[in-house]
Amino acid sequence: MRRMLRNSLLVAFCGLLFLTSCGEKKRFDVISSKKLEAILYDYHLAQVMVNDLPTSERYQKDLYFNYVYTKHGITEAQIDTSLVYYSRHPKRLAEIYSNLSERIENEIKLQENDEPILNKHEAREVVGDSANLWYDKAFVELSPSPFSNKYNFTIPTDTNFWLHDTIRWQGKIILMRDVTDSTEKYVHIDLRVKYMNDSLLTADTLLHTSGDFSLQVADSIGWMIKSINGTAYLKSTNAFDRVLLINPQLMRYHSLSESLGASDSTKKVLSDSIQQELGLKLQSMQQAAKR
């Protein structure tokens, strides 16, 4: 997929150079360079996703490209017109594709560095009263297939968590749907925080259209977090539908009282209590297994 993304960028750039040599006349309904950059990014992303589709599903490609046009409120003709114009201004065109290339390369680096979420979480410690603990993918695609209609994540406890922490899962959902299909479809998103005493606090929401989401769980009692789980589930029976989960973040906020009163020794006590609790549970399981 990374090679395809680079290749699609190269092919598009070569195509624009060809337009320059054709000497097309300047048009005035031109998209701004900043907006065109955002459109081309989405367009190339859609192109890569189409190329990744099985041959039997390539007939869906128009849905991907039509989504880009709808999202940005433009037509294919407007894009063509703007590309012709910028192709006659090489410096501005080069700047657009330089920014676009940098953006794509940054996304590729994120994908290349992608590892199982537990390994990333265990390898790092986050400092500060508020922090983003998200270590998984920055981009997730869901489809109606039972093999790819659900995304789950899990983060175990460690010394990043204190008593009275507030946890918030947020991000953006883009629902690409077949507009000719009127059947019900939605994305169910939920956040679950489990504590050492096996208590569970949850938050969830249903999204029927594209938009931002934010789910929050706040502990007012003072329990120690055991694990954090989240799910995004696409409910649809139309094979054309797709959902993109973009730039998710898992924010952790320490309470003001805990932040002011937490010393190194306090953190050590909390860490030791976690290890003790887990040790007791493990011991209990081992004894049960011997019976």
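Our structure is the block above this text.
Small disclaimer: the values here were computed from a predicted structure and weren't measured. (Residues numbered from 1 in each chain as written. Predicted model: local features only at pLDDT ≥ 70, side-chain atom pairs only at ≥ 80, totals over all residues. Heavy atoms only, no water.)

## Section: the overall build of the protein
Within the protein, the regular secondary structure consists of eight helices and nine strands. Residues classed as buried in the protein amount to 40% of the 291 residues present. Here the contacts in the protein between residues at least 6 apart in sequence split such that 80% fall between residues at least 24 apart. Entry remark: accessible area of the protein is about 16,300 Å², with carbon and sulfur atoms responsible for 52%. (Helix = DSSP H or I, 4+ residues; strand = E, 2+ residues; numbered from the N terminus. Buried < 20%, exposed > 50% of the residue type's maximum accessible area, 1.4 Å probe, protein only. Contact = heavy atoms within 4.5 Å. Areas by Shrake-Rupley, 256 points an atom, 1.4 Å probe, with all protein chains shown as cover.)

## Here we look at the sheet that holds strand S3 (residues 150–156)
Strand order across the open sheet formed by four strands is S3-S8-S5-S6, with antiparallel pairing between neighbours. Each edge of the open sheet is held by one strand with a lone partner, namely S3 and strand S6 (200–207). Averaged over all pairs of adjacent strands, the angle between their axes in this sheet comes to 10 degrees, without regard to strand direction. Two elements, S3 and strand S8 (residues 225–235), share seven bridges in a ladder whose sense is antiparallel. The partner of Phe-153 across the bridge, within S8, is Gly-230. (Pairing = 2+ DSSP bridges. Axes fitted to C-alpha atoms, helices over the stretch in contact; angles between N-to-C directions.)

## Examining the nonpolar core
The nonpolar side chains of soluble globular proteins are, as a tendency, buried together. Within the largest apolar cluster, 30 residues are counted, with the highest numbers of intra-cluster contacts made by Phe-153, Trp-169, Ile-189, Leu-191, Ile-228 and Leu-250. Of all the secondary-structure elements, those providing two or more residues to this core are strand S2 (139–142), S3, strand S4 (166–176), strand S5 (186–195), S6, strand S7 (211–218), S8 and strand S9 (242–253). At five residues, S5 tops the list of elements feeding residues into this core. The residues touching Ile-228, leaving out its near neighbours within four places in the chain, are Phe-153, Thr-154, Ile-155, Phe-161, Ile-167, Leu-191, Arg-192, Val-193 and Leu-250. (Core = buried A, V, L, I, M, F, W, Y, C linked by side-chain atoms within 4.5 Å.)

## As for the environment of Lys-235
For Lys-235, the location among the structural elements is in strand S8. The class of Lys-235 is partly exposed, set by a relative accessible area of 31%. For Lys-235 and Pro-146, which are 89 residues apart along the polypeptide, the C-alpha to C-alpha distance reads 9.9 Å. Ignoring sequence-local partners within four residues, the contact set of Lys-235 consists of Glu-184, Lys-185 and Tyr-186.

## Observations concerning the pattern of salt bridges
A full pass over the atoms with the stated rule returns six salt bridges. A salt bridge links Asp-42 to Lys-71, with the nearest nitrogen and oxygen atoms 2.9 Å apart. Note that Asp-42 is positioned in helix H2 (residues 33–52) and Lys-71 in helix H3 (residues 61–72), a separation of 29 residues in sequence. In this structure Lys-71 comes out as partly exposed when scored by relative accessible area, which is 43%. The shortest N-O distance in the salt bridge between Arg-192 and Asp-190 comes to 2.2 Å. (Salt bridge = Lys/Arg side-chain N within 4 Å of Asp/Glu carboxyl O.)

## Some words on the packing of aromatic side chains
Taken as a whole and assessed by the stated rule, the structure comprises seven aromatic pairs. Ring centres 6.2 Å apart and planes at 15 degrees place the aromatic pair Trp-134 and Trp-169 in the stacked group. Residue Trp-134 is located in the loop between strand S1 (130–132) and S2, and its partner Trp-169 is located in strand S4; the two are separated by 35 residues in the primary sequence. Assessed through its relative accessible area of 0%, Trp-169 is described here as buried. Linked through ring pairs, Trp-134, Phe-153, Trp-169 and Phe-213 together constitute an aromatic cluster. (Phe/Tyr/Trp six-rings, centres within 6.5 Å; stacked < 30°, edge-to-face > 60°.)

## Some details on the pairing of S5
Within S5, seven of the 10 residues are buried, which leaves the element mostly enclosed by the surrounding structure. Pairing analysis gives 10 bridges linking S5 to S8, with the strands arranged antiparallel. Of the residues in S8, the one forming a bridge with Tyr-195 is Ile-225. In the sheet, S5 pairs with S6 via eight bridges, with the strands oriented antiparallel. In the sheet register, Arg-192 faces S6, and the bridge partner there is Thr-202. Hairpin connection, S5 to S6: the antiparallel pair is bridged by four residues, and Asp-198 has positive phi, about 70 degrees.

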